[in-house]
Amino acid sequence: METKNENSDVSSRAEEMKNQANEAFKGHKFSNAIDLYTKAIELNGNNAVYWANRAFAHTKLEEYGSAIQDASKAIEVDPKYSKGYYRRGAAYLAMGKFKDALKDFQQVKRICPNDPDAARKLKECEKAVMKMKFEEAISVPVSERRSVAESVDFHTIGNKPRSSSFLPTKTALAAVVAAVMVVAVRGFATTEILMVLVSVVLGTYWWGSFSEVEPQYSGARIEGEEVTLDFVKQMMEDFKNQKTLHKRYAYQIVLKTRQILQALPSLVDINVPNGKHFTVCGDVHGQFYDLLNIFELNGLPSEENPYLFNGDFVDRGSFSVEIILTLFAFKCMSPSSIYLARGNHESKSMNKIYGFEGEVRSKLSEKFVDLFAEVFCYLPLAHVINEKIFVVHGGLFSVDGVKLSDIRAIDRFCEPPEEGLMCELLWSDPQPLPGRGPSKRGVGLSFGGDVTKRFLEDNNLDLVVRSHEVKDEGYEVDHDGKLITVFSAPNYCDQMGNKGAYIRFEAPDMKPNIVTFSAVPHPDVKPMAYANNFMRMFN
């Protein structure tokens, strides 16, 4: 009798923990919810609901590896519990593992054959798998792919010929007549005649084929070949008012940025002179109006006010095109005013799922989808400031002894692999315990303070600055002050309630001065508005 009462008491306390966790979840306190679900599981690990609920909270924090583990445990406890398969399928979807997700949603449909929601999600998942198979079937091998950038001449983008009175062909014919007259007067030899005619005709046709932007376009314009501060300011103002940039100028910005990035090493060294300062920002994730707020608080990028944006410029937020064109335009205007690092979301697989691909297709064109994918492969992987501060999007490595020279030697001109140094730079996360552990994301790894300490000592560095994780205060200091996470997208996805932050360093001491800020209003376009249907279903 006493044992029965004790079991009843334990179950009641477990339910109370679950109920508290549910309330924390409703308040978007997902880390707190995970802690409370964990207490419920410790009291009663044979309740599949607790495991599935904790999996859902992990999903909200983008900890998809942990979500899959918890959902799998829920299925183990109760193989007929449909939400276990549902939660695991959703986590697989978020990781782009469509075939694994399809199996789980098929099982949900078997358990709940009359559930319309399950049927709808299964159908969308089936469509995603079919699309993936089709894309795989028609894909061109990497070795045979042509550069998209090399097929684009932005000068020819526009509806109006350069001269309204002469078409290029007429201009070329006039040039032929002029060339013949020159030959008649000067008496060139036959070979010279042909050379003159061909050169003049082709050159004149090429110049005449340039297009001018149509006069009814009222947005920002680049005059000539140079991106100026006046242009960037006007473009940002247009974006703020939800106007679009002409495709000609978008091409010009992206192509010029590609040229600049291509010349950079995989690890870029930055020098901040004594008496000068430098600002590091974390993820901005398509939150353009919060980017404008950063510039309002800390000034526009310039030679005297340089920035490093540490990856994940796009996806999630629905103003990613505005973000990337603004950052790229500043890079074109003054390359040493702004530095850009690759994040895990600067990749095809992430952009296909989390909205950037759909947004680019909607606001620009299909060709821009491929062009951005190409240019993202040129972004550097890490930076070192004043030989003391190592800045990377994700984190450190699965092995000790990695030197800065190893990072410089990485061939980064590709989509991120699923393992190795490049993958770990983009995906890894710190953990409170020493040593290394499996990644809660399902990609990369978790590394402890001892790993950070050894990496800094091996490379004569003082500090690791990384991004990649939403933090309630916009930042977090870990590993005995040797590692700082900075995240610059406040109220992430319009639901997390977090602050944003950036770090300002001043030479020569280079001590981190962390500034936090809150989210600002933006037009009523929801996060993930351009994402695939199946992802919108889960957001």
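Under the annotation held in an unreviewed UniProt entry, the chain carries the name Serine/threonine-protein phosphatase 5 and is attributed to Eruca vesicaria subsp. sativa. The record in UniProt for the chain states the following under Subunit (unreviewed entry): "Interacts with PHYA and PHYB, mostly when they are phosphorylated and in Pfr forms."

Draft legend 1. A look at the UniProt feature "active site" (unreviewed entry) in the chain. Under the UniProt annotation, the feature "active site" (unreviewed entry) is placed at His345. Note on placement: His345 falls in the loop between β6 (338-340) and α14 (348-354). Under the relative-accessibility criterion, His345 is labelled buried at 3%.

Draft legend 2. Expanded view of the environment of Lys243. Among the secondary structure elements, Lys243 is positioned in the loop between α10 (229-240) and α11 (247-262). Its relative accessible area of 41% is what places Lys243 among the partly exposed residues. Put simply, Lys243 and Ala220 are 23 residues apart on the chain and 9.8 Å apart in space, counted from C-alpha to C-alpha.

Draft legend 3. Looking closely at the environment of Thr485. You can see Thr485 is positioned in strand β14 (residues 483-486). Judged by its relative accessible area of 0%, Thr485 falls in the buried class. With 21 residues separating them along the chain, Thr485 and Val464 place their C-alpha atoms 8.6 Å apart.

Draft legend 4. Examining the packing of aromatic side chains more closely. For the structure shown, the criterion picks out 24 aromatic pairs. Between Phe25 and Phe30, the ring centres sit 5.0 Å apart and the planes meet at 70°, which makes this aromatic pair edge-to-face. Consider the rings of Phe295 and Tyr307, whose centres lie 5.6 Å apart with planes at 80°: the pair is edge-to-face. Taken together, the residues span a long stretch of sequence, with Phe295 in helix α12 (residues 288-298) and Tyr307 in strand β5 (residues 307-309) at a distance of 12 residues. Take Tyr307: its relative accessible area is 0%, and that puts it in the buried class. Ring pairing ties together the aromatic residues Tyr251, Phe328, Phe356, Phe368, Phe372 and Phe376, which thus form one cluster. Lying across the ring of Phe56, Arg87 places its NZ or CZ 3.8 Å from the centre. Residue placement shows Lys331 over the ring face of Tyr339; its charged tip is 4.8 Å from the ring centre.

The rules behind each value
- Residues numbered from 1 in each chain as written.
- Predicted model: local features only at pLDDT ≥ 70, side-chain atom pairs only at ≥ 80, totals over all residues.
- Heavy atoms only, no water.
- UniProt positions renumbered as here; feature names shortened; annotations may be inferred.
- Helix = DSSP H or I, 4+ residues; strand = E, 2+ residues; numbered from the N terminus.
- Buried < 20%, exposed > 50% of the residue type's maximum accessible area, 1.4 Å probe, protein only.
- Phe/Tyr/Trp six-rings, centres within 6.5 Å; stacked < 30°, edge-to-face > 60°.
- Lys NZ or Arg CZ within 6 Å of the ring centre and 35° of its normal.

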